[in-house]
Amino acid sequence: MKSYTITLNINGESRIITVRSADTLLYILRELLGLTGAKPGCLNGDCGACTVHIDGWPMKSCLMLAVEAVGKKVTTIEGLVETPIQQAFVENFAFQCGYCTPGFIMNCHSLIEQHPNADDQTIKEWLESNICRCTSYIEIEQAVKSVLRKK
Amino acid sequence: MLPFDFDYYRPETLNDAVELFQYLDQQGKQPMFFSGGTELITLGRINLDYTEAVIDIKEIAECKMMQVSDDQLLLGSTLSLTKIEEANLFPLLTKTASEVADHTARGKITLGGNICAQIFYREAVLPFLLADSQVLLIGPNGKRIVPINDIFQGQLRLERGEILVQIATENRFIRAPFFSVKRRQQWDTGYPLITIAALKIDQQVRVGISGLCPFPFRSKEVEDALNNKGLTAEERAAGAIAVLPQPVLDDVEGSSEYRIFVLRNLFYDLLASLDRVQV
């Protein structure tokens, strides 16, 4: 087995782990580090449920090898604490079953940080990366816009 | 998670990457250059791709370059499509690339990865075909600069162990009026049917098409038909359709008849936009 011992910066902490080069970031977050906020969905980069941040930008953690994350700053939903978008999801009822919610929140949070003046087109372009099977799209849009307005 | 194991290398220089490939190739490791890596990760998961050695080139300085000069734009092959869109230095490329996959995935997918992929869409190549761009390659026989239209025939004809490093595009093409549309069978997020990219330079329209045939292409015959100014838009589109490369795809995303129907209407829109010829 081709394994490597690597140090990853995850949610501000250095974590030393031994991984297969073929392990995705999603797999090691959930199975080795117990960070189960990033959800496995399609495992094919289509659904966005596994979205995390790499250096502040959204990344589908099923599309990244763990070894590629060396030297990057990884943030998972567990690393977001009392952010405005988390509160906005609660206030706007922006979910039903909640499975897609961590991925949506990670993507929305990055959008708000990178484009605080995002227009409708930018919001749509970014959020097309995530799928919600409960179809809470209107409420998610309202949640994002409520935070952008406050900014 | 992939069902097979491989060695992972991250060389710091182009020469190291090229030498490593040759060494691993001699060892029978079926080495693979890896940039965004989305294709290996998604196809490898279902046993449609395989390697025993991954050479990750995306941190090599020359491959990450983005440089504007007086006469040209230089783009490194391992820039992510998102980085290219955010910089927006080549509006036709921005528009065409922004239709690939989705926004988050484009943070991983790279310019060179899209162009050299197995997936047949490879839309990111279209603007460069239209702009007669030059590609910088490095391989076992050294560096070479080649016009993209000489080396891209359905796919980029790299030699074994060769890397696409950079693409250079003259500014006059970057400033040219353009038209770029991606049509999907369903909604805005369904799988793509046809992407058409066009620009107008020296009073002539240039056209590149992806999703119609099992390869992206630019065709002189198609362009000649569309530029036949003595004819109506319907006649020009019909002339272009008569000289399309073959085969036209016929699959679950769309029958060949449906694709031709969509293409005909895209030609009308293109001619209205760039040549002000209405149907």
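Numbers given to residues run from 1 along each chain, matching the order in which its sequence is written. Here chains are named by letter from A upward and ligands by number from 1 upward, in the order in which they appear as written. Reporting of local features is limited, given that this is a predicted model, to residues whose pLDDT is at least 70; pairs of side-chain atoms are given and counted only at 80 or more, and all residues count toward the totals for whole chains, interfaces and linings.

**Remarks on the packing of helix α3 (residues 101–114) of chain A against helix α5 (residues 137–150) of chain A**
Residues and elements named next belong to chain A.
Part 1: One way to put it is that α3 packs onto α5 with a least axis distance of 11 Å and a crossing angle of 30°. Taken together, the axes of α3 and α5 are roughly parallel relative to one another. Considering the relative orientation of α3 and α5, their crossing is right-handed. Two secondary-structure elements touch here, α3 through F104, C108, L111 and I112 and α5 through I140, V144, V147 and L148.
Part 2: Classes in brief: Ala, Val, Leu, Ile, Met, Phe, Trp, Tyr, Cys and Pro nonpolar; Asp, Glu, Lys and Arg charged; the others, Gly included, polar. When grouped by side-chain class, the residues that make up the contact of α3 with α5 number eight nonpolar, no polar and no charged. Angles shown run from 0 to 180 degrees and are taken between the N-to-C directions of axes, each axis being a line fitted to C-alpha atoms and, for helices, limited to the stretch in contact. Note on conventions: DSSP H or I runs of at least 4 residues are helices, E runs of at least 2 residues are strands, and numbering of each starts at the N terminus. In what follows, roughly perpendicular refers to angles from 65 to 115 degrees, roughly parallel to angles under 35, roughly antiparallel to angles over 145, and oblique to any angle outside these ranges. The hand of a helix crossing depends on one turn: near helix anticlockwise from the far one by less than a right angle means left-handed, and clockwise means right-handed. Contact between two residues is assigned when their C-beta atoms, built from the backbone, lie within 7 Å.

**Re the domain arrangement of chain B**
All names here are of chain B.
Part 1: Those domain boundaries reflect an automatic or database domain assignment. Entries for chain B in the domain assignment read domain 1 (7–56), domain 2 (61–173) and domain 3 (177–274).
Part 2: Of the residues lining the interface, 11 residues belong to domain 1; the matching set on domain 2 comes to 19 residues.
Part 3: For the side of domain 1 that touches domain 2, the elements supplying multiple residues, two or more each, are α1 (14–26) and α2 (38–45).
Part 4: Considering every element that reaches the side of domain 1 that touches domain 2, the biggest residue donor is α1, with six residues.
Part 5: Across the side of domain 1 that touches domain 2, the residue classes tally to five nonpolar, four polar and two charged.

**Here's the deal with the sheet that holds strand β1 (residues 7–9) of chain B**
Residue and element names in this part refer to chain B.
Part 1: A pair of strands is treated as paired once DSSP finds two or more bridges between them. Reading across the sheet, the three strands line up as β1-β3-β2 and stay open at both edges, with parallel pairing between neighbours. Every interior strand has two partners, whereas the edge strands, β1 and β2 (32–34), have only one. Averaged over all neighbouring strand pairs, the angle between strand axes comes to 25°, with direction disregarded.
Part 2: Sheet analysis places β1 next to strand β3 (residues 53–56), joined by three bridges and oriented parallel. Each bridged residue has a counterpart across the sheet, and for D7 the counterpart in β3 is A53.
Part 3: Together, β1, β2 and β3 form the strand contacts of α1, whose direction differs from that of β3 by roughly 175°.

**Structural notes on the environment of L81 of chain B**
Residue and element names in this part refer to chain B.
Part 1: Considering the arrangement of structural elements, one finds L81 in helix α3 (residues 81–87).
Part 2: Distance from L81 to N114, taken between C-alpha atoms, is 8.9 Å for residues 33 residues apart in sequence.
Part 3: Other than its neighbours up to four places away in sequence, L81 contacts A97, V100, R106, I109, L111, N114 and A124.

**Focus on the sheet that holds strand β14 (residues 217–218) of chain B**
All names here are of chain B.
Part 1: The strand order across the open sheet formed by four strands is β11-β12-β13-β14, and the pairing between neighbours is antiparallel. The outermost strands of the open sheet, each flanked by one partner alone, are β11 (178–184) and β14.
Part 2: Pairing of strand β13 (residues 204–210) with β14 involves two bridges; the strand directions are antiparallel. Residue pairing for β14: G208 is matched across the bridge by R218.
Part 3: Strands in contact with helix α12 (residues 256–274) are β11, β12 (192–201) and β13; relative to β12, the strand with the most contacts, it is inclined by about 25°.

**Structural notes on the domain arrangement of chain A**
Residues and elements named next belong to chain A.
Part 1: Domains assigned within chain A are domain 1 (3–76) and domain 2 (84–150).
Part 2: Here domain 1 and domain 2 have C-alpha centroids that lie 22 Å from each other.
Part 3: Of the residues lining the interface, 13 residues belong to domain 1; the matching set on domain 2 comes to 11 residues.
Part 4: Those elements that place two or more of their residues in the side of domain 1 that touches domain 2 are β3 (51–54) and β4 (57–60).
Part 5: Within the side of domain 1 that touches domain 2, the residues separate by chemical class into seven nonpolar, five polar and one charged.

**With respect to the nonpolar core**
Part 1: To count as a nonpolar core, a set of buried Ala, Val, Leu, Ile, Met, Phe, Trp, Tyr and Cys residues must be joined through C-beta atoms within 7 Å. Residue burial is a threshold on neighbouring C-beta atoms within 10 Å of the residue's own C-beta, all placed from the backbone, with 20 or more meaning buried, 12 or fewer meaning exposed, and counts in between meaning partly exposed. Of all hydrophobic cores here, the largest spans 120 residues; its most connected members are I55, I163, A198 and L270 of chain B.
Part 2: Residue contacts for A198 of chain B: discarding those within four places in its chain leaves F178, F179, V205, R206, V207, L270 and L274 of chain B.

**Describing the interface of chain A and chain B**
Much of the literature gives interface size as the accessible area that the parts lose upon coming together.
Part 1: Chain A puts 28 residues into the contact, and the matching count from chain B is 22 residues.
Part 2: For the side of chain A that touches chain B, the secondary-structure elements that each account for two or more residues are β4 and α4 (120–127) of chain A.
Part 3: Of the residues forming the side of chain A that touches chain B, the biggest block, four residues, is contributed by β4 of chain A.
Part 4: Taken together, the residues that form the side of chain A that touches chain B break down as 13 nonpolar, eight polar and seven charged.

**As for the pairing of strand β7 (residues 142–147) of chain B**
All names here are of chain B.
Part 1: Of all six residues in β7, zero are buried; the element is thus mostly exposed.
Part 2: Examined bridge by bridge, strand β6 (residues 134–139) and β7 share six bridges and lie antiparallel to one another. Across the sheet, residue L136 finds its bridge partner in β7, namely I145.
Part 3: Count of turn residues in the β6/β7 antiparallel hairpin: two residues.

**A short note on α12 of chain B**
Counting along an α-helix, one turn takes 3.6 residues, and residues three or four places apart therefore face a common direction.
All names here are of chain B.
Part 1: Under the convention used throughout, the expected extent of a helix is 1.5 Å for every residue step, that is, one less than its residue count. Helix length check: α12 (19 residues) gives 26 Å between terminal C-alpha atoms against 27 Å at 1.5 Å per residue, within 8%.
Part 2: Every buried residue of α12 is accounted for by R259, L263, L266, F267, L270, L271 and L274. Down the axis of α12, the smallest arc covering the buried residues is 135°, so these residues share one side. Seen from the open side of α12, the exposed residues pointing more than 90 degrees away from its buried face are E257 and F261.
Part 3: For α12, the secondary structure elements touched by its buried residues are β11, β12, β13, α10 (220–226) and α11 (233–242).
Part 4: One or two residues past the end of α12 sits R276, with phi positive at roughly 55°. By arc we mean the arc of the directions from the helix axis to the C-beta atoms, nothing more.

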